[in-house]
Amino acid sequence: MSGITKDMTIGEILNANPNVVPVLLEAGMHCLGCPASQAESLEEAAGVHGIDIDELMKAIEAV
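The sections below set out a description of the structure shown in this document. Remember, it's a predicted structure, so these values are computed and weren't measured experimentally.

With that out of the way, let us pick up the packing of helix 3 (residues 42-49) against helix 4 (residues 53-61). Interaxial distance between helix 3 and helix 4 falls to 10 Å at its minimum, and their mutual angle equals 120°. Classed by the angle they form, the pair helix 3 and helix 4 counts as oblique. Considering how the two elements wind past one another, helix 3 and helix 4 form a crossing that is right-handed. Of the residues in helix 4, those in contact with Leu42, Glu43 and Ala46 of helix 3 are Ile53, Leu56, Met57 and Ile60. The residue makeup of the contact of helix 3 with helix 4, split by class, is six nonpolar, no polar and one charged.

Shown next, in the form of structure tokens:
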């Protein structure tokens, strides 16, 4: 388990495990440093980008 949850903000995730950056970029989340990334949860960001949160969590957990 990566220790990352879908309730964490993108900023929290990047601080917890920067190795997930390629997974997020590949999924289509290209503005990892934008202001929204500091306030939006991973689940909210996935919804905005049309990304299946469960598939994204599987990819993150594989890192």
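Following the structure, the description resumes.
One finds Ile10, Leu24, Met29, Leu42, Leu56 and Ile60 to be the most contacted residues of the largest nonpolar core, which totals 18 residues. What isoleucine 10 contacts, discounting residues up to four positions off in sequence, is Met29, Leu32, Ser37, Glu40, Leu42 and Ala45.

As a further point, take helix 4. Turning to helix 4, its buried residues are Ile53, Leu56, Met57 and Ile60. For helix 4, the buried positions fall inside an angular range of 100° around the axis, keeping them on one side. Close packing links the buried residues of helix 4 with helix 2 (21-27) and helix 3.

Thresholds applied
- Residues numbered from 1 in each chain as written.
- Predicted model: local features only at pLDDT ≥ 70, side-chain atom pairs only at ≥ 80, totals over all residues.
- Heavy atoms only, no water.
- Axes fitted to C-alpha atoms, helices over the stretch in contact; angles between N-to-C directions.
- Helix = DSSP H or I, 4+ residues; strand = E, 2+ residues; numbered from the N terminus.
- Parallel < 35°, antiparallel > 145°, perpendicular 65-115°, else oblique.
- Left-handed = near helix turned anticlockwise from the far one by under 90°.
- Contact = heavy atoms within 4.5 Å.
- Nonpolar A, V, L, I, M, F, W, Y, C, P; charged D, E, K, R; others polar.
- Core = buried A, V, L, I, M, F, W, Y, C linked by side-chain atoms within 4.5 Å.
- Buried < 20%, exposed > 50% of the residue type's maximum accessible area, 1.4 Å probe, protein only.
- Arc of directions from axis to C-beta.

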